[in-house]
Amino acid sequence: MNALSVAVSANLPVLLWGAPGTGKTSAVLALGERLGLPVEVVVGSIREPSDFAGLPVLRDGRTWFAPPRWAERLAESGTGILFLDELTTAPPAVQAAMLRVVLERAVGDLTLPASVRVVAAANPPEQAADGWDLSAPLANRLIHLDWTVSAASVADGFTAGFPPPSLDGLDPAAVRPADVSRSRALVGGFPAGTA
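It should be emphasised that the depicted structure is a prediction, and the values quoted were computed from it without experimental measurement. (Residues numbered from 1 in each chain as written. Predicted model: local features only at pLDDT ≥ 70, side-chain atom pairs only at ≥ 80, totals over all residues. Heavy atoms only, no water.)

Let us now look at helix α4 (residues 69-77). Within α4, burial applies to Trp 70, Ala 71 and Leu 74. The arc that holds the buried residues of α4, viewed along the axis, is 100 degrees, so those residues lie on one side. Directly beyond the C-terminal end of α4, a positive phi value near 85 degrees is found at Gly 78. (Buried < 20%, exposed > 50% of the residue type's maximum accessible area, 1.4 Å probe, protein only. Helix = DSSP H or I, 4+ residues; strand = E, 2+ residues; numbered from the N terminus. Arc of directions from axis to C-beta.)

Following this line, the structure appears as structure tokens:
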């Protein structure tokens, strides 16, 4: 969870890899709530490429690629977390359409505010319902974190309650360039496979 918090603080796109039912979605929703950020959950398996590339419409005699409502809500709020859930259930055409969203925060002809963070979650393809391999271009745009949950932590959570995510001093409203640089350095220092 600390690695996820640091990646969100550094505003770097991050992908949580873990088995189904291990709380990835719940953790991201809890992190958004703790930070006071709206979270838009977008599940790739129930989306079309136009949900990321925009739907072509005519406006003032020109073609415009209209963004979906989830993108408009993030743009209107000025900040938030775009949570691309079940990433390995998205077919290749949908994954390809996500490329600009993850790298440039562009959804159709709408550019999301720079403070919108991108977090994704995926099950290994062999564990995902109708799973696909993650395309190399999309995989290369994300920091990969292994999401593992111990049986003891689940048992403790059921008996005593699950602790809120640690923020380690993260306040997205007060993040300064020096904080982002520090967080990016911490992300770069993580050993491979550390969550």
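Right, picking up where we left off after that structure.
This part takes up helix α1 (residues 2-9). Of all 8 residues in α1, 7 are buried, a share of seventy percent or more. Within α1, the full set of buried residues consists of Ala 3, Leu 4, Ser 5, Val 6, Ala 7, Val 8 and Ser 9. Once α1 ends, the next one or two residues include Asn 11, with phi positive near 55 degrees.

What follows is about the pairing of strand β4 (residues 62-66). For strand β3 (residues 55-59) and β4, the ladder comprises 5 bridges, and the chain directions are antiparallel. For Pro 56, the partnering residue across the bridge sits in β4 and is Phe 65. Taken together, β3 and the strand that follows it, β4, pair antiparallel across an intervening segment of 2 residues, in which Asp 60 is found at a positive phi of about 55 degrees. (Pairing = 2+ DSSP bridges.)

Glancing now at the nonpolar core. Ranked by internal contacts, the top residues of the largest apolar core, which has 27 residues, are Phe 52, Trp 70, Leu 84 and Leu 87. Sorting the residues of this core by element identifies β1 (14-17), α4, β5 (80-85), α5 (92-104), β8 (116-122) and α6 (136-139) as the ones contributing at least two each. Broken down by element, this core gets its largest block of residues, 6 residues, from α5. Leaving out residues up to four positions away in the same chain, Leu 84 has contacts with Val 42, Phe 52, Met 98, Val 102, Val 118, Val 119, Ala 120 and Ala 121. (Core = buried A, V, L, I, M, F, W, Y, C linked by side-chain atoms within 4.5 Å. Contact = heavy atoms within 4.5 Å.)

The backbone of Asn 11 sits at a positive phi, close to 55 degrees, despite the residue not being glycine. Note on placement: Asn 11 falls in the loop between α1 and β1. The backbone phi angle of Glu 86 is positive, close to 55 degrees, even though this residue is not glycine. If you trace the backbone, Glu 86 turns up in the loop between β5 and α5.

Before going further, it helps to examine the packing of aromatic side chains. Going through the model one piece at a time under the given rule, you end up with 1 aromatic pair. For the pair Phe 52 and Trp 70, a centre-to-centre distance of 5.9 Å together with 55 degrees between the ring planes defines the contact as tilted. Of this pair, Phe 52 sits in helix α3 (residues 50-53) while Trp 70 is found in helix α4, placing the two residues 18 residues apart along the sequence. Neither Phe 52 nor Trp 70 differs from the other in exposure class; each is buried. Seen from the ring of Trp 64, Arg 59 lies directly overhead, with NZ or CZ sitting 3.9 Å from the centre. (Phe/Tyr/Trp six-rings, centres within 6.5 Å; stacked < 30°, edge-to-face > 60°. Lys NZ or Arg CZ within 6 Å of the ring centre and 35° of its normal.)

Another point: the sheet that holds strand β9 (residues 143-146). Strand order in the open sheet made by the 5 strands is β2-β5-β8-β1-β9, with parallel pairing throughout. Two strands lie at the open edges of the sheet, namely β2 (39-43) and β9, each paired on one side alone. Looking at each pair of strands side by side, their axes are set apart by 20 degrees on average, direction ignored. As paired elements, β1 and β8 share 4 bridges and run parallel to each other. Paired with Val 14 across the strands is Val 119, a residue of β8. (Axes fitted to C-alpha atoms, helices over the stretch in contact; angles between N-to-C directions.)

Turning next to the environment of Asp 130. Counting through the fold element by element, Asp 130 comes out in the loop between β8 and α6. You can call Asp 130 exposed: its relative accessible area is 72%. Taking the C-alpha atoms as reference points, Asp 130 and Pro 91, separated by 39 residues in sequence, lie 9.2 Å from one another. Residues within four places of Asp 130 in sequence aside, it is in contact with Thr 88 and Thr 89.

Turning to the side chain of Asp 51, a few remarks are in order. By secondary structure assignment, the location of Asp 51 is in helix α3. No salt bridge is formed by the buried Asp 51; the nearest opposite charge belongs to Arg 47, separated by 4.2 Å. Here the side chain of Asp 51 touches Glu 48 through a polar contact of 2.8 Å, landing on its backbone nitrogen. Beyond its immediate sequence surroundings of up to four residues, Asp 51 is in contact with Pro 68, Trp 70 and Val 107. (Lys, Arg positive; Asp, Glu negative; His and termini not counted. Salt bridge = Lys/Arg side-chain N within 4 Å of Asp/Glu carboxyl O. Polar contact = N/O pair within 3.5 Å; in protein donor to acceptor, adjacent residues only side chain to side chain.)

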